[in-house]
Amino acid sequence: MTTPPALARIDLDEGAGWSTWTLTPGQAHVLTGERASKLVDIKPAGRQKKGTRDRYELRAKAMVGGVRLGGDDSAVQLRIAPKIPVDRLLYLLAYASGHAKWSDEPVEAGARHELLPAVGYAFTEAADRALRPGVLLGYREVDDTLPMLRGRLRAPAQLRRRPGLSLPLEVTYDDHTPDIGENRLLLGAARRLIRLPGLDPTLRARLRRIVAQLDGVTAPRPGAPLPAWTATRLNSRYQRALGLAELILRGASYELDDGRRVLVDGLLLEMWRVFETFLATALGEELQRRAGGRAEPRDRDHHLDLGKKELLKPDLIHYLPPPDGGRRLVPAIIVDAKYKDGTKRPDLYQMFAYCVRLGTSEGHLVSAAGNENVMEVPVAGQVIRLYCHVVDLSLPYRELRARIGELAGVLLRIRTESAAPTP
């Protein structure tokens, strides 16, 4: 009887170079397949012996987390560690959630150096605090068939299903229930984390207690849209946990180049998306606090062409009153984030198009590494300046917050100088 090969455990670092691994043909096939195409690069390690291809070089792409690929003799457990410290990544994720912001240092999870346990711990702490006063209840509209009137009679349904019969009744009523969007998100995230490998048994037990507290709640279906919720005073104690829950559940899939979503057995985070969302949200808040106006992260109201076929997708547009004192806010500061070392020629062309179309004389590219500089582009009797800025994500979180404030000040100063009349 042949013993099947052991599960291949591959640990890579985001942004690191090639490393060599021994794989079976099945495991190599899994890592060259479509599901792994956005996770790793793979190539044979040097010259292979005839009939065998067991040594391969692997390099991580711009996703982090852990995922299981393949099955039986081709199974691979892939873990990609972020290149920035875990506590910094959790700080970014607080902004990427789009709801609650972390004003305190995420020390509970920061002491844990592996991403998945740290995310699990951060969510568990937040969910425990949210549920400590009790499970949040809400009203949900329910259609039901009952032997007595409750709520409102659904007359069309009654006539269609039971013409001439007085009972039972087709009714609609508002049910006070724990089965609401907020609790569904918490339950779905807890169940997903429980399935992740590498969690501490104590943490897994705490997650199971959270699941038990949410008895009577329906978990989200894999692949289905996440339950909707709106931030209110009533669910304020839930909001930090809900932001993490959404990230955890979205991390159960990723998007291929053709737009299809791929479900994964694990948790993955797209670092370019995390960086872009963090920068647009944090910088937009700071610009609005300092200068007023309106900051619009991921504004999708502008097109390159008159036919509105080519959408412009800047990560942030800050609207301010025009220099002539008019009331209507106009695009004043355009920012695009690039999760890479410096900016490339296509990035400059893209920002140039934003500036020309939106009528600004400067645009700002912000990368996670590289050098700061400015390029002056003459066009139609004026000069458009393309600024390249850097936000170092490895900075301690207080310094990172200060860097965002400093960058907002620089952008506003440049805007003021460009808007000043020429003597």
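Residues numbered from 1 in each chain as written. Predicted model: local features only at pLDDT ≥ 70, side-chain atom pairs only at ≥ 80, totals over all residues. Heavy atoms only, no water.

A. Inspection of the overall build of the protein chain at higher detail. In terms of regular secondary structure, the protein chain is built from 11 helices and 18 strands. Relative to its full complement of 423 residues, the protein chain shows a buried share of 47%. Contacts in the protein chain between residues at least 24 apart in sequence constitute 61% of all its contacts with a sequence separation of at least 6. If you sum the accessible surface of the protein chain, you get close to 22100 Å²; carbon and sulfur atoms cover 51% of it. (Helix = DSSP H or I, 4+ residues; strand = E, 2+ residues; numbered from the N terminus. Buried < 20%, exposed > 50% of the residue type's maximum accessible area, 1.4 Å probe, protein only. Contact = heavy atoms within 4.5 Å. Areas by Shrake-Rupley, 256 points an atom, 1.4 Å probe, with all protein chains shown as cover.)

B. Representation of the confidence of the model for the protein chain. Looking at the protein chain, pLDDT values average 85 and 89% of them are 70 or higher. The least confident element of the protein chain is helix H3 (residues 107–110), whose mean pLDDT is 40; the most confident is strand S14 (residues 316–320), at 96. Of the regions scoring below 50 in pLDDT, residues 99–111 engages in 33 contacts with residues more than four places distant in sequence or in other chains. (pLDDT = per-residue confidence, 0-100.)

C. Summary view of the sheet that holds strand S13 (residues 294–297). Within the open sheet, the 6 strands sit side by side as S13-S14-S15-S16-S18-S17. Their pairing is mixed. Each edge of the open sheet is held by one strand with a lone partner, namely S13 and strand S17 (373–379). The average undirected angle you get between the axes of adjacent strands in this sheet is 20 degrees. In the sheet, S14 pairs with strand S15 (residues 330–341) via 5 bridges, with the strands oriented antiparallel. Considered in S15, the bridge of Leu-316 is made with Val-335. Packed on one face of the sheet, helix H9 (residues 271–291) meets S13, S14, S15 and strand S16 (362–369) and runs near 145 degrees to S15. Seen against the sheet, helix H10 (residues 345–358) touches S14, S15, S16, S17 and strand S18 (382–390) and runs at an angle of roughly 170 degrees to S15. (Pairing = 2+ DSSP bridges. Axes fitted to C-alpha atoms, helices over the stretch in contact; angles between N-to-C directions.)

D. Examining the pattern of salt bridges more closely. All told, the structure shown has 19 salt bridges when counted by the stated rule. In this structure, Lys-61 and Asp-41 form a salt bridge, with 3.4 Å as the shortest nitrogen-oxygen distance. One end of the pair, Lys-61, is in the loop between strand S4 (55–60) and strand S5 (63–69); the other, Asp-41, is in strand S3 (residues 40–44), and 20 residues separate them in sequence. A salt bridge links Arg-273 to Glu-270; the nearest nitrogen and oxygen atoms lie 3.0 Å apart. Judged by relative accessible area, which is 12%, Glu-270 ranks as buried. (Salt bridge = Lys/Arg side-chain N within 4 Å of Asp/Glu carboxyl O.)

E. Up close: the packing of helix H2 (residues 86–96) against H9. As a packed pair, H2 and H9 sit with axes 8 Å apart at the nearest point and diverge in direction by 70 degrees. Here H2 lies roughly perpendicular to H9, going by the angle between them. Crossing of H2 against H9: the hand is left-handed. Contact with H2, carried on its side by Leu-89, Tyr-91, Leu-92, Leu-93, Tyr-95 and Ala-96, involves Met-271, Val-274, Thr-277, Phe-278, Thr-281, Ala-282 and Glu-285 of H9 and no other residues of that element. For the contact of H2 with H9, the residue count by class is 10 nonpolar, 2 polar and 1 charged. (Parallel < 35°, antiparallel > 145°, perpendicular 65-115°, else oblique. Left-handed = near helix turned anticlockwise from the far one by under 90°. Nonpolar A, V, L, I, M, F, W, Y, C, P; charged D, E, K, R; others polar.)

F. Structural context of helix H4 (residues 115–131). With 17 residues, H4 ought to run about 24 Å at 1.5 Å a step, and its terminal C-alpha atoms sit 24 Å apart, in line with that. Among the 17 residues of H4, 16 are classified as buried, and the element is accordingly described as predominantly covered. (Expected span 1.5 Å × (residues − 1).)

G. Representation of the environment of Gly-134 in the model. With respect to the helices and strands, the residue Gly-134 is situated in the loop between H4 and strand S7 (138–146). Sequence separation between Gly-134 and Gln-213 is 79 residues, and the spatial gap between their C-alpha atoms is 8.7 Å.

H. Structural detail: the side chain of Thr-177. Tracing the backbone through its elements, the reader meets Thr-177 in strand S9 (residues 169–177). A polar atom in the side chain of Thr-177 sits 2.9 Å from the backbone nitrogen of Asp-179. Once you skip the residues sitting within four places of it in the chain, Thr-177 turns out to touch Leu-136, Leu-137, Gly-138 and Arg-140. (Polar contact = N/O pair within 3.5 Å; in protein donor to acceptor, adjacent residues only side chain to side chain.)

I. Structural context of the packing of H2 against H4. Contact pair H2 / H4: the axes reach a minimum separation of 10 Å and the direction vectors enclose 50 degrees. Classed by the angle they form, the pair H2 and H4 counts as oblique. At the point where H2 passes H4, the crossing takes the right-handed sense. Contacts from Val-86, Leu-89 and Leu-90 of H2 reach H4 at Leu-115, Ala-118 and Val-119. Looking at the contact of H2 with H4, its residues break down into 6 nonpolar, no polar and no charged.

J. Seen up close, the nonpolar core. Judged by nonpolar contacts, the single largest core of 101 residues is most densely connected at Phe-123 and Leu-393. Among the elements that make up this core, the one with the highest residue count is H4 (11 residues). Once you skip the residues sitting within four places of it in the chain, Leu-393 turns out to touch Ile-84, Arg-88, Leu-92, Phe-275, Phe-278, Tyr-339, Ala-368 and Leu-400. Ile-317, Leu-348, Cys-355 and Val-377 belong to the second-largest nonpolar core, a separate cluster that totals 14 residues. (Core = buried A, V, L, I, M, F, W, Y, C linked by side-chain atoms within 4.5 Å.)

K. Representation of H10 within the structure. The first and last C-alpha atoms of H10 sit 20 Å apart over 14 residues, in line with the 20 Å expected at 1.5 Å per residue. For H10, the complete set of buried residues consists of Asp-347, Leu-348, Met-351, Tyr-354, Cys-355 and Leu-358. Down the axis of H10, the buried set is contained in an arc of 120 degrees. They therefore lie on one face. Opposite the buried face of H10, by more than 90 degrees, sit the exposed residues Arg-345, Pro-346 and Tyr-349. If you follow the buried residues of H10, they end up packed against S14, S15, S16, S17 and S18. (Arc of directions from axis to C-beta.)

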